[in-house]
Amino acid sequence: MKIVVTVKLVPDLAAAKRIDPSTKRLIRTGIDTVLNPFDEYAIEAALQLKEKLPDTTVTLFSMAPESSKETFRKALAMGADDAVVLSDPGLAGSDVWATSFAATQALRKIGFDLVLSGALSDDGNTGGVPGALAENLGVPGLTNVRKIEEIADGRIRAQRETDTGYQVVVGPLPAFVTVTMAVGEPRYASLKGIMGAKKKTIATLSLQELGIEKPVGSDGAKTEVLAIDPPKSREKARIVEAPDGATGAKAIFDFLRERKLV
Amino acid sequence: MRDVIVFVEHRGGQTRKVTFELATEARRLADALGGKAHAVVLGKGSESLAKSLQNYPLNAIHYTEDSDCDRFLLEPVVDYVEAVAKASGDAVVLVPNTMLGRDVAGRLVARLEAGITSDVTEICVENGRIGCVAPKLQGSTITTCAFKNTAYGIITVRPNAFAAAPQAIGAELIALSKPAGKSYSIAIENDVEEAAGEIGLEEAAVVVSGGRGLGGPEPFETLLRPLAEALGGAVGASRAAADAGWVPYSLQIGQTGKVVSPQLYIAVGISGAIQHKVGMQTAGTIVAINRDGTVPIGETADLLVVGDLFQIVPALTALVQEAKSAPA
């Protein structure tokens, strides 16, 4: 079985972020980028399947600048077989529609029985790309999967989380699956894995190779950023020392009263 | 874009507060755009819910009891919403920023070649153009986005960000007919409700959240739940508590969990690392209880009480209950 895991590079949560005022895009130079933490769970889910199912390969796919290609070595060290990066200046400024449109063509070229992805990305927090990708690829989409129960006879059975509980769903392959953190903590790379990853292939694709004719990037995007502002800052917290429960409870209760919250 | 279409999330006819928030906002937007406000209600229980939505200022409520919406994952639902949007010609679709809402939204982007803005907390209309305000990059910036190059815009709206105001204007009920020639690939074999009857964390007006300081699963039930119930709210947790297995991941708030904006957030025994902060920093009022006065939550909170949570929480619950039974 051929599994492709779509991954995204996101700015490190702890890094200070700056926006270019003219392009209204995140300045990515000088900021550490890391794998979207949700996608590490997708890699873990793929590697669990690789251990269980014979003749399974795991390919990582990302849209990222050529310069950040090496970031994927860490994910390859976890145990993925190879990586393909769609890298093209024409992709800059892509929104959900443009991203999913371009990625669809790339995934078709790579070929797959199963695509795995994290349920959300950490920066835009849109969560829209997987759904749009599944739709464009014309394959069933199983979202928010917490456990892949079985893959057999060209079908997948999985448990997916809902807002109030879970569902057991069944559908045919090829399919697009997004996973939640419940699939299992991403494994650490072993020393052997790290050494082996140095020899693994990270191939690049360009828009031209995919024959994409519709404009993507900021020209093709269906959204544009009008303004960027800092968040409203809060006043510094009032700090109350509570030697006993009654003092602490009263301090909170009075504060809530003051704000008409009780 | 002129018309506004609300996707109504429900379970057997039981909906969430965010539906009424969206219906109210749809009216305001439709008026600003010079169009109509629609709602789409799909699956079992839709007819009765459609009727109760007539208490909100919508022009038309489209519904179907088609059981395929409950038997198959997502595809039938997206078909119906797409059909309503296409009949409208150009429209903005409002969906709640929930697990289901995000799934519907992503699909619609491809079906309608639409723009999408997500987790939106404020919408404005200027010269017929819609601007959507949303926190991005883990809350470090607030962006305003608009749609371009498309007839359709999808907006996933953060629950609790808009007010709900009932107003009956005689919305027309329209029974939807089944789109022809469709087959659905993903069957729902089993649908289990684990948190039946609880207020959804994302729409609760009050969230009482616990972290490592609680030391185990029991205090979530014995300390936090009574306080949450007294305040009419829901219980949440930090990642540390979910990772320890004290609570299910569905209660986790933060970077890799849920994002909430209640009127009141009470963080109990949570240090408040940035991963937690991004999930609750837009709450109206933030109160923290911690035995350490130097924890990072102090930078996010409005009030930090330094003391023993095991004494403070029950005493606070008693004060709230007392106030409720004898209003001042």
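Treat the numbers as computed from the prediction; the structure is a model and nothing was measured. (Residues numbered from 1 in each chain as written. Chains lettered and ligands numbered in written order. Predicted model: local features only at pLDDT ≥ 70, side-chain atom pairs only at ≥ 80, totals over all residues.)

Observations regarding the overall build of chain A
Heads up, the rule is: Only DSSP runs of H or I covering at least 4 residues are called helices, and only runs of E covering at least 2 are called strands; the numbering of each starts at the N terminus. The burial label depends on the number of other C-beta atoms within 10 Å of a residue's C-beta. Counts of 20 or more mean buried, 12 or fewer mean exposed, and intermediate counts mean partly exposed, with C-beta atoms placed from the backbone. Note that contacts rest on C-beta atoms placed from the backbone: two residues are in contact if these are within 7 Å.
Each helix and strand counted, chain A has eight helices and 15 strands in total. Over its C-alpha atoms, taken along the principal directions, chain A stretches across nearly 65 × 45 × 40 Å. Taking all 262 residues of chain A together, 47% fall into the buried category. Of the contacts made within chain A by residues no fewer than 6 positions apart, 70% connect residues no fewer than 24 positions apart.

Re the overall build of chain B
Rule in force here: Here the globule rule is a power law, 2.2 Å times the number of residues to the power 0.38, and the radius of gyration is based on C-alpha atoms.
Secondary structure assignment for chain B yields nine helices and 18 strands. Whereas a compact globule of 328 residues would reach a radius of gyration of roughly 20 Å, chain B reaches 21 Å, a difference of no more than 12%. Its C-alpha atoms put chain B at 60 × 45 × 45 Å along the principal axes. The buried share among the 328 residues of chain B stands at 59%. The contacts in chain B between residues at least 6 apart in sequence include a share of 64% that link residues at least 24 apart.

Points about the nonpolar core
Basically, it comes down to this: In plain words, the nonpolar core is the set of buried Ala, Val, Leu, Ile, Met, Phe, Trp, Tyr and Cys residues that C-beta atoms within 7 Å link up.
One finds Val5 and Ala102 of chain A together with Val81, Val93 and Leu94 of chain B to be the most contacted residues of the largest nonpolar core, which totals 132 residues. With sequence-adjacent residues up to four places away left out, Ala102 of chain A is seen in contact with Met63, Leu86, Leu91, Ser94, Leu207, Ile212 and Val216 of chain A. Ranked by size, the runner-up nonpolar core spans 56 residues in total, among them Val207, Ala228, Tyr265 and Ala283 of chain B.

Details of the pairing of strand 10 (residues 141–147) of chain B
The line we're drawing: For two strands to be treated as a pair, DSSP must find at least two bridges joining them.
Pairing analysis gives six bridges linking strand 14 (residues 223–229) of chain A to strand 10 of chain B, with the strands arranged antiparallel. Bridge assignment links Thr223 of chain A to a residue of strand 10 of chain B, and that residue is Phe147 of chain B. Strand direction decides the pairing type here: strand 9 (residues 129–136) of chain B and strand 10 of chain B, joined by five bridges, are antiparallel. Residue Val133 of chain B lies in a different strand from strand 10 of chain B, and its bridge partner there is Thr144 of chain B.

Examining the environment of Ala228 of chain B
All names here are of chain B. When you line up the elements, Ala228 lands in helix 6 (residues 218–230). By the C-beta count within 10 Å, which is 23 here, Ala228 ends up buried. Residues Ala228 and Val206 lie 22 residues apart in sequence; the distance between their C-alpha atoms is 7.2 Å.

Digging into the interface of chain B and chain A
Where we set the bar: Throughout, the ten residues Ala, Val, Leu, Ile, Met, Phe, Trp, Tyr, Cys and Pro are labelled nonpolar, Asp, Glu, Lys and Arg are labelled charged, and all others, Gly among them, are labelled polar.
Listed as interface residues are 81 residues of chain B and, on the opposing side, 73 residues of chain A. A per-class count over the side of chain B that touches chain A returns 38 nonpolar, 28 polar and 15 charged. Where strand 11 (residues 165–172) of chain A meets strand 13 (residues 187–193) of chain B, six bridges bridge the pair, whose relative direction is antiparallel. Note that in strand 13 of chain B the partner of Val170 of chain A across the bridge is Ala187 of chain B.

Description of the sheet that holds strand 9 of chain B
Stated precisely, the cut-off is as follows: To obtain each axis, a line is fitted to C-alpha atoms, and for helices this fit is confined to the stretch in contact; angles are then taken between N-to-C directions over 0 to 180 degrees.
Strand order in the open sheet formed by four strands is 14(A)-10(B)-9(B)-8(B), with antiparallel pairing between adjacent strands. Two strands bound the open sheet, and with one partner strand each, they are strand 14 of chain A together with strand 8 (122–126) of chain B. Within this sheet the neighbouring strands show an average axis-to-axis angle of 30 degrees, counted without direction.

Quick word on the sheet that holds strand 14 (residues 206–210) of chain B
Strand order in the open sheet formed by six strands is 15(A)-18(B)-17(B)-16(B)-14(B)-15(B), with parallel pairing between adjacent strands. In this open sheet, the two edge strands, each paired with only one partner strand, are strand 15 (238–241) of chain A together with strand 15 (234–237) of chain B. Averaged over all pairs of adjacent strands, the angle between their axes in this sheet comes to 20 degrees, without regard to strand direction.

Regarding the confidence of the model for chain B
Test applied: Confidence of the predictor at the level of single residues is given by pLDDT, which spans 0 to 100.
Model confidence for chain B is summarised by a mean pLDDT of 93, while 98% of its residues fall at 70 or above. In the model output, the complex is listed with pTM 0.86 alongside ipTM 0.87.

Re unusual backbone geometry
Residue and element names in this part refer to chain A. With an omega dihedral of 0 degrees, the bond running from Leu173 to Pro174 counts as a cis peptide bond. Positive phi is not limited to glycine here, since Asp55 has a value of about 55 degrees. By the C-beta count within 10 Å, which is 7 here, Asp55 ends up exposed.

Examining the packing of helix 8 (residues 245–258) of chain A against helix 9 (residues 309–325) of chain B
Geometrically, a packed helix pair is captured by the angle between its two axes and the distance between the axes. For the record, the criterion: Put simply, angles under 35 degrees are roughly parallel, angles over 145 are roughly antiparallel, angles from 65 to 115 are roughly perpendicular, and the rest are oblique. With the far helix as reference, a near helix turned anticlockwise by less than a right angle produces a left-handed crossing, and one turned clockwise produces a right-handed crossing.
Look at helix 8 of chain A against helix 9 of chain B: their axes get within 8 Å of each other, and the N-to-C directions meet at 50 degrees. Classified by the angle their axes make, helix 8 of chain A and helix 9 of chain B are oblique. In the packing of helix 8 of chain A onto helix 9 of chain B, the handedness of the crossing is right-handed. Residues Gly245, Ala246, Gly248, Ala249, Ile252 and Phe253 of chain A of helix 8 of chain A form the contact with helix 9 of chain B, whose own contacting residues are Gln311, Ile312, Pro314, Ala315, Leu316 and Leu319 of chain B. Taken together, the residues of the contact of helix 8 of chain A with helix 9 of chain B break down into nine nonpolar, three polar and no charged.

Some thoughts on helix 5 (residues 99–112) of chain B
Residues and elements named next belong to chain B. Rules: Any helix carries an expected span of 1.5 Å times its number of residues minus one.
Its 14 residues give helix 5 an end-to-end C-alpha distance of 20 Å, which sits within 8% of 20 Å, the value for a rise of 1.5 Å per residue. Here helix 5 lies mainly inside the structure; 13 of its 14 residues are buried. Among the residues trailing helix 5, Glu113 stands out with phi positive, at a value near 45 degrees.

Digging into the environment of Tyr152 of chain B
All names here are of chain B. When you line up the elements, Tyr152 lands in strand 11 (residues 152–157). For the pair Tyr152 and Pro217, spaced 65 residues apart in sequence, the C-alpha to C-alpha distance is 46 Å. Once residues lying within four places of it in the same chain are set aside, the contact partners of Tyr152 are Ala85, Asp90, Ala91, Val93, Leu112 and Ala114.

A few points about the environment of Ile270 of chain B
Residues and elements named next belong to chain B. Tracing the sequence through the fold places Ile270 in the loop between strand 16 (264–268) and helix 8 (274–277). Accessibility expressed as a C-beta count within 10 Å gives 32 for Ile270, which makes it buried. Each C-alpha atom, one on Ile270 and one on Pro314, is 17 Å from the other, the two residues being 44 residues apart in sequence. Among residues more than four places away in sequence, those in contact with Ile270 are Ser209, Gly211, Gly213, Ser238, His276 and Ile297.

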